[in-house]
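As a plain string of letters, each chain reads:
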Amino acid sequence: MSRFFSGKYKELVPYTPGEQPKDFKYVKLNTNESPFPPSDRAENLATEAGKKLELYSDPECRALRQKLADYYGVDYDETIVTNGSDEVLNFAFMAFCDTDHPAVFPDITYGFYPVFAELNGVPYCEIPLRKDFTVNVDDYIGIKKTIFIANPNAPTGIALPVSEIRKILESNPDNIVVIDEAYVDFGGESCIPLIHEFDNLLVTQTFSKSRSMAGARLGFGIGSKAIIADLHTIRYSTNPYNVNSMTLAAGLGMLEDDEYVRSNCKTIIENRTYTTNELKKLGFEMPESTANFIFAKHKTVGGKMIYQKLREKGVLVRHFDKPKLVEYNRITIGSLEQMKFLIEKLEEILEEVQ
Ligand code: PMP
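Below, the structure is looked at part by part. Values in this document were obtained by computation on a predicted structure and should not be read as measured data.

**Comments concerning the overall build of the protein**
Counting its secondary structure elements, the protein contains ten helices and twelve strands. For 354 residues, the compact-globule estimate of 2.2 N^0.38 gives 20 Å, and the protein sits close to it at 20 Å. Taken over the C-alpha atoms alone, the protein extends approximately 60 × 50 × 50 Å along its principal axes. Out of the 354 residues belonging to the protein, those deemed buried represent 53%. Here the analysis covers contacts within the protein between residues at least 6 apart in sequence; of these, 73% occur between residues at least 24 apart. For the protein, the distance from the average site of its 40 positive side-chain charges to the average site of its 51 negative ones is 4 Å.

Here it is as structure tokens:
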């Protein structure tokens, strides 16, 4: 730390992203990326856009926002696009949280929420999940705080029914409820249709998972016009050109190639079923996942040991060194070939250690 670093950030513990190793070609199942490339159309549009990089990107992100609005059946003014959904989430902390509106989220959820709260000097509290990792909706009824819920949740993969989220929205009419739907396309139910009923709802999604664009950084938010206007005030006060032209173009391409996206999601869901069944045969336990990952622990072998041994054998999964999570590993669902390789390596490990 330099002696110039602002005192307000001295205690800040930054988010630790999953590893992106360059030294060795791992079967990479640690950051919930898609095993499928973006569509040809997305790639071609991005290449075209790459020929005009002397110009700023469109600060209104008009074409993409209109396409998103048409796709999700909302108005143009009910959309915002950002540099990954991390950015719209940070904007939400900036816009809708302060000492009068502290943030609240489950104790086991996306690890960036507490970092955003700390970064923005926002008080926050973490509500413990039930023992089975489910959210107890009663904990959020009339809580009068700005609520952040990842649905499906990460790293558990467990989805909350929209009917339950509705109860949270109804009982907190004067507070924003942010539903982070990064993984919704793998079998979850979206809250986007509720935005016309609840003016306190903000839904965020990403192109990083189902739409194969993690490296391009594209996320979006959908909510009432007033909420979106507030987020645009923050956006124009930080970086009006937050989404670059190649990413905007690729995003359009992926929305146009929706059949490709749907078919990839279907494959991931099939591979998830295959992997779940195989893992159970090997003695693993896991909550039912509605995401493109599985959160699994073995009945007898420790989580850290499995993580390390898999790594030695060329498979990277995500291990969290936190008390309630330490026995688990979060395993991204990849191609069938990758999943078969994973199972083969786990069989070897179990034979070695048991
Ligand atoms: N929300 C959740 C629950 C996530 O797991 C992630 C991915 N790390 C994000 C949001 C952010 O993803 P991105 O910034 O790539 O859109």
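**Here's the deal with the nonpolar core**
With 81 residues, the main nonpolar core has Val81, Leu201, Leu279, Phe284 and Leu346 as its most contacted residues. When residues in this core are grouped by element, the largest group, six residues, is from helix H10 (residues 336-353). Setting aside residues up to four positions removed in sequence, Leu346 forms contacts with Leu279, Leu282, Phe284, Ile306 and Leu310. Formed by 26 residues, the second largest nonpolar core is a distinct cluster that contains Phe93, Phe112, Phe116 and Leu231.

**Some thoughts on the environment of Lys22**
Its place among the elements puts Lys22 in the segment before strand S1 (27-29). Judged by its relative accessible area of 74%, Lys22 is exposed. The sequence separation of Lys22 and Pro173 amounts to 151 residues, and the corresponding C-alpha distance is 48 Å. Engagement of the side chain of Lys22 in a polar contact is seen with the backbone oxygen of Gln20, the distance being 3.4 Å.

**Side note on the site of the ligand**
Contacts to the ligand come from Gly84, Ser85, Asp86, Leu89, Tyr110, Asp180, Ala182, Tyr183, Thr206, Ser208, Lys209 and Arg217. One of the backbone N or O atoms of Asp86 is found 3.1 Å from an oxygen atom in the ligand. In this structure, a nitrogen atom belonging to the ligand sits 2.6 Å away from a side-chain N or O atom of Asp180. Look at the ligand: alone it shows 410 Å² of surface, and the protein chains cover 91% of it. A total of four residues in the shell around the ligand trace back to one element, the largest contributor, which is helix H3 (residues 84-96). Broken down by class, the residue content of the shell around the ligand amounts to four nonpolar, four polar and four charged.

**Describing helix H9 (residues 303-312)**
Those residues of H9 that fall on the buried side of the exposure criterion are Gly303, Ile306, Tyr307 and Leu310. Relative to the axis of H9, the buried residues are bounded by an arc of 100° and lie together on one face. Residues of H9 that are buried in the fold lie against strand S9 (284-285), strand S10 (293-298), strand S11 (315-317), strand S12 (328-332) and H10. Positioned one or two residues after H9, Gly314 has a phi angle of 90°, which is positive.

**Some points on the packing of H3 against helix H6 (residues 225-238)**
Remark: H3 packs on H6, axes separated minimally by 9 Å, with the N-to-C direction vectors making an angle of 105°. Considering the angle they form, H3 stands roughly perpendicular to H6. For the pair H3 and H6, contact is made by Val88, Phe91, Ala92, Met94, Ala95 and Phe96 and by Ile227, Asp230, Leu231, Ile234, Arg235 and Thr238, respectively. Residue composition of the contact of H3 with H6, grouped by class: nine nonpolar, one polar and two charged.

**Observations concerning the pattern of salt bridges**
Inspection of every chain in the model, using the stated rule, returns 18 salt bridges. With its nearest N and O atoms 3.5 Å apart, the salt bridge here joins Arg262 to Asp258. Here the residue Arg262 and the residue Asp258 both occupy positions in helix H8 (residues 258-281), the gap between them amounting to four residues, near one helical turn. Close ionic contact of Asp321 with Lys304 constitutes a salt bridge, the shortest N to O distance being 2.9 Å. Residue Asp321 is located in the loop between S11 and S12, and its partner Lys304 is located in helix H9; the two are separated by 17 residues in the primary sequence. Residue class for Lys304 comes out partly exposed when judged on its relative accessible area of 36%. The network of salt bridges with common partners includes Lys313, Lys345, Glu348 and Glu352.

**A word on the pairing of strand S3 (residues 103-106)**
When a strand is regular, its side chains alternate between the sheet's two faces. Both S3 and strand S4 (residues 124-127) contribute to a ladder of four bridges, which runs parallel. Bridge assignment links Val104 to a residue of S4, and that residue is Cys125. Note that the unit made of S3, helix H4 (residues 112-119) and S4 has a crossover that is right-handed. For S3 and strand S5 (residues 146-150), the ladder comprises two bridges, and the chain directions are parallel.

**So, the sheet that holds S12**
Reading across from one edge, S9-S10-S12 is the order of the three strands in this open sheet, with antiparallel pairing throughout. Two strands bound the open sheet, and with one partner strand each, they are S9 and S12. Sheet topology note: the S9/S10 ladder contains two bridges and is antiparallel. Bridge pairing links Glu285 to Lys297 in S10. Each of S9, S10 and S12 is contacted by H8, which is oriented at about 0° to S10, the strand it contacts most. Packing against the sheet, H9 makes contact with S9, S10 and S12, and its axis sits at approximately 40° to S12.

What counts, and at which threshold
Residues numbered from 1 in each chain as written. Predicted model: local features only at pLDDT ≥ 70, side-chain atom pairs only at ≥ 80, totals over all residues. Heavy atoms only, no water. Helix = DSSP H or I, 4+ residues; strand = E, 2+ residues; numbered from the N terminus. Rg over C-alpha atoms; globule rule 2.2 N^0.38 Å. Buried < 20%, exposed > 50% of the residue type's maximum accessible area, 1.4 Å probe, protein only. Contact = heavy atoms within 4.5 Å. Lys, Arg positive; Asp, Glu negative; His and termini not counted. Charge placed at Lys NZ, Arg CZ, Asp CG, Glu CD. Core = buried A, V, L, I, M, F, W, Y, C linked by side-chain atoms within 4.5 Å. Polar contact = N/O pair within 3.5 Å; in protein donor to acceptor, adjacent residues only side chain to side chain. Near = heavy atom within 4 Å. Areas by Shrake-Rupley, 256 points an atom, 1.4 Å probe, with all protein chains shown as cover. Nonpolar A, V, L, I, M, F, W, Y, C, P; charged D, E, K, R; others polar. Arc of directions from axis to C-beta. Axes fitted to C-alpha atoms, helices over the stretch in contact; angles between N-to-C directions. Parallel < 35°, antiparallel > 145°, perpendicular 65-115°, else oblique. Salt bridge = Lys/Arg side-chain N within 4 Å of Asp/Glu carboxyl O. Pairing = 2+ DSSP bridges. Right-handed = clockwise from strand over helix to strand, strands pointing away.

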